[in-house]
Amino acid sequence: MTGRPVHDGLLFHHLLGDGARHATLRPLSDFPDSERWQAVQRQVPGHYELLYRAWAEPVLLRPYTNSGVFLTPIDFRRLPGTSLHNRPRLEIPVESVDPDWAVLTYEWRGERVSRRLCPEALADAAALWRAEDVERWFGRDRTRLFFHVPQVVTYQPGGVPVPADHGS
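Because the structure is predicted, anything quoted here is derived from the model rather than measured.

Scoring rules and cut-offs
- Residues numbered from 1 in each chain as written.
- Predicted model: local features only at pLDDT ≥ 70, side-chain atom pairs only at ≥ 80, totals over all residues.
- Heavy atoms only, no water.
- Phe/Tyr/Trp six-rings, centres within 6.5 Å; stacked < 30°, edge-to-face > 60°.
- Helix = DSSP H or I, 4+ residues; strand = E, 2+ residues; numbered from the N terminus.
- Buried < 20%, exposed > 50% of the residue type's maximum accessible area, 1.4 Å probe, protein only.
- Lys NZ or Arg CZ within 6 Å of the ring centre and 35° of its normal.
- Arc of directions from axis to C-beta.
- Contact = heavy atoms within 4.5 Å.
- Pairing = 2+ DSSP bridges.
- Axes fitted to C-alpha atoms, helices over the stretch in contact; angles between N-to-C directions.

Colleague: Could you give an account of the packing of aromatic side chains, naming the residues involved and the relevant values?
Modeller: With the rule as written, the count across this model stands at 10 aromatic pairs. Residues W37 and Y48 carry aromatic rings whose centres are separated by 5.8 Å and whose planes lie at 15° to one another, so their mutual orientation is stacked. Here the residue W37 occupies a position in helix α1 (residues 35–43), and Y48 occupies one in helix α2 (residues 47–60), the gap between them amounting to 11 residues. Both residues of the pair, W37 and Y48, belong to the buried class. Between F76 and F146, the ring centres sit 6.0 Å apart and the planes meet at 85°, which makes this aromatic pair edge-to-face. Residue F76 is located in the loop between β3 (69–71) and β4 (89–93), and its partner F146 is located in the loop between α4 (131–137) and β7 (151–154); the two are separated by 70 residues in the primary sequence. Here F76 and F146 have matching classes, each one buried. Three or more aromatic residues link up through ring pairs in this structure, and these residues are W37, Y48 and F70. Of note, R62 hangs over the ring of W101, and the distance from its end group to the ring centre comes to 3.7 Å.

Colleague: Run through the side chain of D133, naming residues and quoting values.
Modeller: Looking at the element boundaries, D133 is found in helix α4. Judged by its relative accessible area of 7%, D133 falls in the buried class.

Colleague: Provide a residue-level description of helix α3 (residues 119–128), including the pertinent values.
Modeller: Listing the buried residues of α3 in full gives A121, L122, A125 and A126. Down the axis of α3, the sector holding all buried residues measures 135°, keeping them to one side. The outward face of α3, more than 90 degrees from its buried face, is lined by the exposed residues P119 and A127. Buried-residue contacts for α3 involve β5 (102–108) and β6 (111–116).

Colleague: Break down the pairing of strand β1 (residues 10–14) for me, citing the residues and quoting the values.
Modeller: Of all 5 residues in β1, 4 are buried, a share of seventy percent or more. Of the strand pairs in this sheet, β1 and β4 are connected by 5 bridges, and their pairing is antiparallel. If you follow L11 over to β4, its bridge partner there is I92.

Colleague: Which residues make up the pairing of β7, and what values do they have?
Modeller: Within a regular strand, the side chains alternate between the two sheet faces. Taking every second residue as pointing to the same face, both faces of β7 are buried, with Q151 and V153 on one and V152 and T154 on the other. Two strands pair when backbone bridges link them, and β3 and β7 are joined in this way by 3 bridges, in the antiparallel orientation. Counted as the bridge partner of F70 is V153 from β7. Pairing of β5 with β7 involves 4 bridges; the strand directions are antiparallel.

Colleague: Describe the sheet that holds β7, naming the residues involved and giving the relevant values.
Modeller: Within a sheet, adjacent strands bond to each other through the backbone by hydrogen bonds, running parallel or antiparallel. Taken together, the 4 strands give an open sheet; going across it, the order is β3-β7-β5-β6, and neighbouring strands pair in antiparallel fashion. Strands at the two margins of the open sheet, each flanked by one partner only, are β3 and β6. Direction aside, the axes of adjacent strands within the sheet are offset by 25° on average. As paired elements, β5 and β6 share 6 bridges and run antiparallel to each other. Considered in β6, the bridge of T105 is made with S114. Set on the sheet, α3 makes contact with β5 and β6; between it and β5 the angle comes to about 25°.

Encoded structure:
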């Protein structure tokens with residue numbers, strides 16, 4: 001497929017774990033006793049705080065508070081050759097994410113781009129990222145699936161509300 005897979009009105013949260021749907025997406029650090037959080041902390045202590053310091057703190061200018069909720073503006077349903085093409089996902093309207101707490105980030109030509117989430121940042125990402133680029137860079141490193149491609153990380157207090165009719 002050619003074309004632009006970055007959506008400008010929706011963000012997506014792919015259900016990679018147990019597939020459970022919740023009314024609110026909360027950061028993994030909100031569940032310190034969970035097996036998944038404990039595994040991350042054992043394997044890479046401070047992983048999420050390091051990501052925050054590198055990607056979000058220079059943009060948001062506030063101290064680290066939680067591991068963040070990770071979303072993507074990429075509509076993988078438009079990319080049949082990818083591993084997320086048929087995975088369950090939640091559709092989150094961009095308006096559900098507080099731009100004062102969110103960063104759009106990706107790697108472009110060897111440089112990390114981190115911008116406050118806003119319509120202009122999403123439009124710029126949509127103009128850059130073609131399907132071929134996402135297919136080339138998504139999952140290039142299996143331990144960091146979304147590292148290169150556009151993703152939104154939000155640190156908003158209380159998590160991200162999920163509209164009841166936005167799962168697929």
